[in-house]
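Breakdown of the fold
Letter by letter, the chains look like this.
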Amino acid sequence: MKILITGGAGFIGSAVVRRAIVDGHAVVNLDALTYAACLDNVASVADHPDYAFEQADIRDRAALDRIFATHRPDAVMHLAAESHVDRSIDGPGDFIETNITGTFNLLEAARKYWTEAGRPEAFRFHHISTDEVFGSLGATGQFTETTSYDPRSPYSASKAASDHLVRAWAETYGLPVVLTNCSNNYGPFHFPEKLIPVVILNALHGRSIPIYGDGSNVRDWLYVEDHADALLLVLQKGALNRSYNIGGENERSNLELVQTICSILDRLAPKDGSYADLITFVTDRPGHDARYAIDPTRIRDELGWRPSVTVEEGLERTVRWYLDNRGWWQALLERDGVGQRLGQG
Ligand code: NAD
């Protein structure tokens, strides 16, 4: 297939780009190159004859029409988004414009292209979303594909709106879509403002490791390369107009997660004392969701997919990657807002 991947210079999008090329697909990577992007993430495939890059903003409808007409993709995988909850608290406007208006533009450009091509049945618009649209769980229960939407941050509300638009375009115009809602990703090339890289990099710099609130918030951690595999499987084998939840089957509290990373660092980069001594509890994020958990039954039973690594294996690979790729993250630490406490409301 020729796949138009939006947000392919970001964390998850770049994993999908790399995996799609290895799997033999052609890729058009469409990315505006915001603060969160890094073209080094796709350096391993940049010279491949089946890879093309288009710097474009999904808010720019004319650019989208040109890119569809030029490249004539068989499918779209839509990952471009503003993705950091803390930034959405400080500046929700960019989240509304990119995640909602941008998705609307992309749907309209895809619909025009698909209609003019004679509405091919095999065309797919794959929308990549988050489990955060479902809100916050108590101590028990899991999100299924039929859980009611209950977003609670500007980020998750904007993603929920984009999910609704995608379903509406399928129902109203017949656009062939699939959707996925995944849990928290981690792994190589994770931008250094998100929890896991913050922990690793603060530890390596001997700085305090901040944990919001009491560290009891629970997330289900999904290794990014497992996620990329799942996304390409859903694109090719997922049922039309169906959504799939994708989780890592690895629920951990933030405190447990950080302690695990510290013990891996104690082994791989030993120093006097434990890195865990750097853990510091800081003021919680406003509206911090208590727990997310994914019921993975549908993707497992219908498509035969399960995550391949435990969180301990994935974290070890991730820590090794950050130790071996200092040049990659050192350059990103200079970017606007990175390393600062954001989103205190
Ligand atoms: P990211 O922030 O690392 O990357 C986003 C990419 O989108 C960047 O390369 C950026 O330049 C690009 N982009 C942003 N605005 C754009 C615009 N207006 N036009 C074109 N490109 C633009 O994000 P990520 O963590 O890779 O997340 C990818 C997708 O997966 C997002 O839709 C996100 O909501 C979703 N998701 C992420 C997670 C996670 O744990 N990271 C979990 C669930 C869902």
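Residues numbered from 1 in each chain as written. Predicted model: local features only at pLDDT ≥ 70, side-chain atom pairs only at ≥ 80, totals over all residues. Heavy atoms only, no water.

**Points about empty space enclosed by the protein**
In the structure shown here, the tally under the stated rule is one cavity of 30 Å³ or more. By volume, the largest cavity is sized at about 30 Å³. Taken together, G10, F11, A36, C38, N41, F189, H190, F191, W328 and L332 make up the lining of the largest cavity. Here the residues of the lining of the largest cavity sort into seven nonpolar, three polar and no charged. (1 Å grid on protein atoms, 1.4 Å probe; cavity = no way out; pocket = protein on both sides within 12 Å on 5 of 7 lines; lining within 4 Å. Points joined across faces, edges and corners; volume = space filled by probe spheres on them. Nonpolar A, V, L, I, M, F, W, Y, C, P; charged D, E, K, R; others polar.)

**Let's talk about helix α5 (residues 154-173)**
Here α5 spans 28 Å end to end across 20 residues, near enough to the 28 Å set by a 1.5 Å rise per residue. Buried within α5 are the following residues: Y155, S156, S158, K159, A160, S162, D163, V166, W169 and A170. Structurally, α5 contributes buried residues whose contacts are with α3 (85-90), α4 (92-116), β5 (124-130) and β6 (177-182). Phi turns positive one or two residues past the end of α5, at G174, with a value near 80°. (Helix = DSSP H or I, 4+ residues; strand = E, 2+ residues; numbered from the N terminus. Expected span 1.5 Å × (residues − 1). Buried < 20%, exposed > 50% of the residue type's maximum accessible area, 1.4 Å probe, protein only. Contact = heavy atoms within 4.5 Å.)

**Examining unusual backbone geometry**
The bulk of non-glycine residues show a negative phi, and the bulk of peptide bonds are trans. Phi is positive for L33, which is not a glycine, with a value near 60°. Relative to the helices and strands, L33 is located in the loop between β2 (26-31) and β3 (51-55). Among the residues examined, L33 registers a relative accessible area of 28% and is labelled partly exposed. Its identity as a non-glycine residue notwithstanding, E249 has a phi of 55°, on the positive side. Turning to its location among the elements, E249 is positioned in the loop between β11 (243-246) and β12 (251-253). Overall, the relative accessible area of 35% leaves E249 in the partly exposed class.

**Some details on the packing of helix α8 (residues 254-268) against helix α10 (residues 311-324)**
One way to put it is that α8 packs onto α10 with a least axis distance of 10 Å and a crossing angle of 55°. Accordingly, the angle class assigned to the pair α8 and α10 is oblique. At the point where α8 passes α10, the crossing takes the right-handed sense. Contact residues: L257, T260, I261, I264, L265, R267 and L268 in α8; V311, E312, L315, E316, V319, R320 and L323 in α10. Along the lines of polarity and charge, the residues of the contact of α8 with α10 split into nine nonpolar, one polar and four charged. (Axes fitted to C-alpha atoms, helices over the stretch in contact; angles between N-to-C directions. Parallel < 35°, antiparallel > 145°, perpendicular 65-115°, else oblique. Left-handed = near helix turned anticlockwise from the far one by under 90°.)

**As for the site of the ligand**
In the vicinity of the ligand lie 30 residues, with I12, D31, S83, Y155 and K159 positioned nearest. Contact distances for the ligand include 2.6 Å between an oxygen atom and a side-chain N or O atom of D31. Between the ligand and K159 there is a distance of 2.6 Å, counted from an oxygen atom to a side-chain nitrogen or oxygen. Alone, the ligand offers 830 Å² of accessible surface; in the complex the protein occludes 96% of this. (Near = heavy atom within 4 Å. Polar contact = N/O pair within 3.5 Å; in protein donor to acceptor, adjacent residues only side chain to side chain. Areas by Shrake-Rupley, 256 points an atom, 1.4 Å probe, with all protein chains shown as cover.)

**Notes on the packing of helix α6 (residues 195-205) against α10**
The relative placement of two packed helices comes down to the angle between their axes together with the axis-to-axis distance. With their axes 11 Å apart at the nearest point, α6 and α10 run at an angle of 50° to one another. One element, α6, and the other, α10, form an angle in the oblique class. Here the hand of the crossing between α6 and α10 comes out right-handed. Together, I196, P197, I200, L201 and L204 of α6 and L315, T318, V319, Y322 and L323 of α10 make up the contact between the two elements. Among the residues forming the contact of α6 with α10, the class breakdown is nine nonpolar, one polar and no charged.

**Side note on the sheet that holds β5**
An order of β3-β2-β1-β4-β5-β6-β11 is seen for the seven strands of this open sheet, with the pairing classed as parallel. For this open sheet the edge positions go to β3 and β11, each flanked by a neighbour on one side alone. Going from strand to strand, the sheet's axes swing by 20° on average, the running direction of each strand aside. Note: β5 against β6, six bridges, orientation parallel. Paired with I128 across the two strands is T180, which belongs to β6. On top of the sheet, helix α2 (residues 61-71) reaches β1 (2-6), β2, β3 and β4 (75-78); it is set at about 165° to β3, its chief contact. (Pairing = 2+ DSSP bridges.)

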